Amino acid sequence: MTEARPIPQPPSPAIPAKRWAYVIPVAAIMYMLAYLDRNNVSVILPYLHGDLELSNADKGLVGGIFFVGYVFLQIPAAILAQRWSARKTVVILMVAWGLAASLSGLVQTKSQFYAARFVLGFFEGGVWPAVLILLASWFPLRERARANALWMACLPLSSVFMAPLSGWMLDHASWRWVLVLQGVPPLVWAVVWWFAVADRPAQARWISRAEADHVERSIAADEAAKPPAGGGSYLDAVKQKSVLVLIGVYFFWITGFYGFNLWLPSVIKELTHNGSSTEVGLLTAIPFTVALVVMIANAAWSDRTGKRRQAVALPLVVGIAALLLGQAVDGALPRMLLLCVTAAAVYAPYGPFWAIPGQLLRFEVVAVAMGLINALGNLGGFAGPYLVGWLTDATGSSVTGFAVLSGFLAVAVALVTLGLRTGTSPVCRLSEQAVEGT
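Residues numbered from 1 in each chain as written. Predicted model: local features only at pLDDT ≥ 70, side-chain atom pairs only at ≥ 80, totals over all residues. Heavy atoms only, no water.

Draft legend 1. Highlighting the pattern of salt bridges. Throughout the structure, instances matching the rule amount to six salt bridges. Of the charged contacts, one joins D303 and R146 as a salt bridge, the two residues approaching to 2.8 Å between their closest N and O atoms. Here the residue D303 occupies a position in helix 13 (residues 277-305), and R146 occupies one in helix 6 (residues 141-152), the gap between them amounting to 157 residues. In this structure R146 comes out as partly exposed when scored by relative accessible area, which is 32%. Taken together, the shared-partner salt bridges connect R19, E143 and E211 into one network. (Salt bridge = Lys/Arg side-chain N within 4 Å of Asp/Glu carboxyl O. Helix = DSSP H or I, 4+ residues; strand = E, 2+ residues; numbered from the N terminus. Buried < 20%, exposed > 50% of the residue type's maximum accessible area, 1.4 Å probe, protein only.)

Draft legend 2. Representation of the packing of helix 3 (residues 74-103) against helix 4 (residues 110-124). Remark: helix 3 packs on helix 4, axes separated minimally by 8 Å, with the N-to-C direction vectors making an angle of 165 degrees. The angle between the axes of helix 3 and helix 4 places the two elements in the roughly antiparallel class. Considering the relative orientation of helix 3 and helix 4, their crossing is left-handed. Between helix 3 and helix 4, the contacting residues are L93, A96, W97, A100 and A101 on the first element and V119, L120, F123 and E124 on the second. Here the contact of helix 3 with helix 4 is built from residues that sort into eight nonpolar, no polar and one charged. (Axes fitted to C-alpha atoms, helices over the stretch in contact; angles between N-to-C directions. Parallel < 35°, antiparallel > 145°, perpendicular 65-115°, else oblique. Left-handed = near helix turned anticlockwise from the far one by under 90°. Contact = heavy atoms within 4.5 Å. Nonpolar A, V, L, I, M, F, W, Y, C, P; charged D, E, K, R; others polar.)

Draft legend 3. View of the packing of helix 1 (residues 18-44) against helix 8 (residues 175-182). Put simply, helix 1 and helix 8 touch, their axes get as near as 10 Å, and they point 165 degrees apart. It follows from the interaxial angle that helix 1 and helix 8 lie roughly antiparallel. As helix 1 packs across helix 8, the resulting crossing turns out to be right-handed. Contacts between helix 1 and helix 8 pair L36, D37, N40 and I44 from the former with W175, V178, L179 and Q182 from the latter. Within the contact of helix 1 with helix 8, the residues separate by chemical class into five nonpolar, two polar and one charged.

Draft legend 4. Fine view of helix 15 (residues 332-347). Between the first and last C-alpha of helix 15 there are 23 Å, a value that for 16 residues agrees with the 22 Å anticipated at 1.5 Å per step. If you check which residues of helix 15 are buried, you get R335, M336, L338, L339, C340, T342, A343, A344, A345, V346 and Y347. (Expected span 1.5 Å × (residues − 1).)

Draft legend 5. Seen up close, the nonpolar core. In this structure, W128, W151, W193, W253 and Y350 are the most contacted members of the largest nonpolar core, which totals 129 residues. Aside from chain neighbours lying at most four places away, what touches W193 is V26, A27, M30, A86, R87, V90, V91, M94, V131 and L134. (Core = buried A, V, L, I, M, F, W, Y, C linked by side-chain atoms within 4.5 Å.)

Draft legend 6. How the structure looks around the environment of W84. Looking at the element boundaries, W84 is found in helix 3. For W84, a relative accessible area of 45% corresponds to the partly exposed category. Expressed as a C-alpha distance, the spacing of W84 and D199, which sit 115 residues apart in the sequence, is 9.5 Å. The contact partners of W84, leaving out residues within four places of it in the chain, are I79, T89 and I92.

This is how it looks when you write it as structure tokens:
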């Protein structure tokens, strides 16, 4: 298949680009706080010390049940963001998840912990598609992977900054206080979001008319080049073969992604021979720092070449190799290096992957499509952590669990490589238009 390239645009060297400095940082910090409230449990779990009597399978369920709740608001929030306001949708969800995150520190039983994590996932679930809709109104397709990756850099950045913070807090306070206090920042940032973000360029006070006109013209040209796609209903989205393939890719990738992420601090604790929570937190930040650099570089390469499929598949192939090799080697340093490679590999596809739906589908259907992809794909966030925990309990070792995760990543590679290769797909039609225009 000829790979789809960004639709050529006439050069506009004089056009300012304030949107990169305004929209991306505010959105990135917002979601970094969401990711903190999602993933701080991974740092806390190795140090519960029987407070809630959690087995490894229970710990996997604590991490995974978040994603069961995560499913419910995906499509409703995406539609609200498209048809009403992404800005307002996100601020409502931000306040709700901040309160839910703080309340999760007050649980007294295992069942309450499960329920708290479910509710947190419920409110956080709508944020991701709502922000993707927002970015689609601010960045043309030829900038989309970079915009996505810079915003999604909040994922590894959250772990870079917050894993050491969570570890340090655990050395000075109980895990309950860590959860309560880390739920407060989203409530504060909701105020910043409300005043700093606009749904589209025409509504922003800080943007120049030249930049606003340039963005709107570029996005209109992108939309005109796409094939027609119904009225944006659930059925319109489901009928798209590419959407079904992307759901499959995302599910198998995210199963491996979160299975690795949740258990990374536990693996590092083992490598340090039960080091302190501060030490484990600091060391956990290293793989995510590597992931941040690779993630942005891969997105820039994807935008420059238009090779979206390769930018998703190749890193995952590297991740499979590193994940398997990490179970076979001995020594703390080699295993740590392989953890860094694995982290970089599973984060690298984010920008290119989320540029694909907007490149294939018109705006009126892309909101529902992205909601479906994120909702069903993120069920892998339940499967991955639970599988590793259950297999660790069953076998006494994490080796089997991580081997299974590598198998899930392999299925994702096969789907993205082969599932979008039909010669009549919208990808190919867009590619042909792009080639003709160059």
